[in-house]
Amino acid sequence: MTVLSRVLTALLIAAGIAFAGWSVHQGLERFRMSDRSVTVKGLAEKDVESDYAIWTLGFRRAGSDFGSVQQALSADREKVLAFLKQQGFTDEELQARPLQVQDLLARDYAQGNVPFRFNGSGQVLVKSARVAEVEKAALALDPLIQAGVQLGGENDGRSGPRYQLRGFNDVKAPLLAEATRNAREQADKFAAEAGARLGELKSANQGVIRITGDDGNDYDDGSSRGKRLRVVSTFEYELR
């Protein structure tokens, strides 16, 4: 190999390395010279508001007399329902679940030194598309506490309302369209820099739309009213 050939080879290698670095920065996923194709990724993100809320208000009582515990729970349930109706919720948005009273001494593993023999609980569910009203009510529980209602209980949703995005399909298509546009722009830039023209789409993978809360968590546990949607789609284009 002549000196000139070696110099030209070195220059081509250096140019290829520099071009590869630029391409990765621009969103290039893979470039194959053999079949003249380029694979790129398109990113799209969107912040949305939840459109439905489910809120479980649990309450509990304990005592030495079955009837007293049951009567106290019934009174608490009426207080909770009255509070929620004062907050503007309708009967269609409220669901009162059956009361439960447990005899702790009737269990197989019961111990005789329990402070109260009977332990009871109840739940009232709020299911509503009026998300803002649910959030507001969840922050205004002082009247119930002052009325003697013991809020809380096993698996009763003490962490507050759970917010859902039931209109997910309404935002899915625009989000994927944005990711597609983003990928196409990256592919066009690459083709122009490479002195080629972008050809037909050879393959596509829309990816998985990831939903997270706006509270900084990496997943959506339902506690956040605001949601962030993110998707990374992959496309392979022909180069001409």
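None of the values given here were measured: they were computed from a predicted structure. (Residues numbered from 1 in each chain as written. Predicted model: local features only at pLDDT ≥ 70, side-chain atom pairs only at ≥ 80, totals over all residues. Heavy atoms only, no water.)

1. As for the overall build of the protein
And step 1. Helix and strand counts for the protein stand at five helices and 10 strands.
And step 2. Every one of the 240 residues in the protein was classed for burial, and the buried ones make up 32%.
And step 3. Contacts in the protein between residues at least 24 apart in sequence constitute 75% of all its contacts with a sequence separation of at least 6.
And step 4. Accessible surface, the protein: about 14,400 Å² in total, of which carbon and sulfur atoms supply 50%. (Helix = DSSP H or I, 4+ residues; strand = E, 2+ residues; numbered from the N terminus. Buried < 20%, exposed > 50% of the residue type's maximum accessible area, 1.4 Å probe, protein only. Contact = heavy atoms within 4.5 Å. Areas by Shrake-Rupley, 256 points an atom, 1.4 Å probe, with all protein chains shown as cover.)

2. Quick look at the environment of N205
And step 1. As for its placement among the helices and strands, N205 is situated in strand β8 (residues 198-205).
And step 2. We classify N205 as partly exposed; its relative accessible area is 48%.
And step 3. It is 9.4 Å that separates the C-alpha atoms of N205 and K41, two residues lying 164 residues apart in sequence.
And step 4. In this structure, N205 is in contact with S233 and T234, ignoring residues within four places of it in sequence.
And step 5. At 3.0 Å, the side chain of N205 and the backbone nitrogen of G207 are in polar contact. (Polar contact = N/O pair within 3.5 Å; in protein donor to acceptor, adjacent residues only side chain to side chain.)

3. Looking at the pattern of salt bridges
And step 1. Considering all chains together, one arrives at 12 salt bridges under this definition.
And step 2. Measuring nitrogen to oxygen at the nearest pair gives 2.8 Å for the salt bridge that ties D47 to R228. Of this pair, D47 sits in strand β2 (residues 37-49) while R228 sits in strand β10 (residues 226-239); the two residues are 181 residues apart in sequence, bridging distant segments of the chain.
And step 3. The partner of K85 in a salt bridge is D91, and the shortest N-O contact between them spans 3.1 Å. (Salt bridge = Lys/Arg side-chain N within 4 Å of Asp/Glu carboxyl O.)

4. Re the packing of aromatic side chains
And step 1. In this structure the tally under the stated criterion is two aromatic pairs.
And step 2. Here the aromatic rings of F66 and F118 are separated by 5.7 Å at their centres, their planes lie at 75°, and the arrangement is edge-to-face. In this pair, F66 sits in helix α2 (residues 66-86) while F118 sits in strand β6 (residues 118-128), placing the two residues 52 residues apart along the sequence.
And step 3. Seen from the ring of Y52, R166 lies directly overhead, with NZ or CZ sitting 3.7 Å from the centre. (Phe/Tyr/Trp six-rings, centres within 6.5 Å; stacked < 30°, edge-to-face > 60°. Lys NZ or Arg CZ within 6 Å of the ring centre and 35° of its normal.)

5. Side note on the nonpolar core
And step 1. By size, the foremost hydrophobic cluster in this structure holds 22 residues, and its most contacted members are W55, L57, V80, L84, F89, V126 and L144.
And step 2. Elements that contribute at least two residues to this core include exactly β3 (52-63), α2, β6 and α3 (131-138).
And step 3. In terms of residue count, α2 provides more of this core than any other element does, six residues in total.
And step 4. Setting aside chain neighbours within four positions, we find V126 in contact with A53, I54, W55, L57, L84, F89, E93, L94 and V134. (Core = buried A, V, L, I, M, F, W, Y, C linked by side-chain atoms within 4.5 Å.)

6. Topic: the confidence of the model for the protein
Close reading of the predicted structure is inappropriate where its pLDDT is low.
And step 1. Confidence along the protein averages 85 in pLDDT terms, with 81% of residues attaining 70 or more.
And step 2. The low-confidence segment residues 3-26 (pLDDT under 50) makes 12 contacts with residues lying over four places distant or belonging to another chain. (pLDDT = per-residue confidence, 0-100.)

7. Some words on the pairing of β6
And step 1. Where burial is concerned, most of β6 is hidden: eight out of the 11 residues are buried.
And step 2. By the bridge criterion, 11 bridges tie β3 to β6 in an arrangement that is antiparallel. Its bridge partner being in β6, R60 is matched across the sheet by S121.
And step 3. As paired strands, strand β4 (residues 94-96) and β6 are joined by three bridges and run antiparallel to one another. Counterpart to L94 in the pairing with β6 is V126.
And step 4. When strand β5 (residues 100-103) meets β6, the two strands line up antiparallel, connected through four bridges. (Pairing = 2+ DSSP bridges.)

8. Brief notes about α3
Quick reminder: α-helices carry 3.6 residues per turn. Residues three or four places apart thus point the same way.
And step 1. Looking at α3, one finds that the buried residues are V131, V134 and A137. The arc enclosing the buried residues of α3, seen along the axis, measures out at 130°, which places them on a common side.
And step 2. Structurally, α3 contributes buried residues whose contacts are with β3, α2, β6 and β7 (162-164). (Arc of directions from axis to C-beta.)

9. Overview of the environment of F168
And step 1. Checked against the element boundaries, F168 lands in helix α5 (residues 168-193).
And step 2. Assessed through its relative accessible area of 22%, F168 is described here as partly exposed.
And step 3. Once residues within four sequence positions are removed from consideration, F168 is found in contact with I209, I211 and L229.

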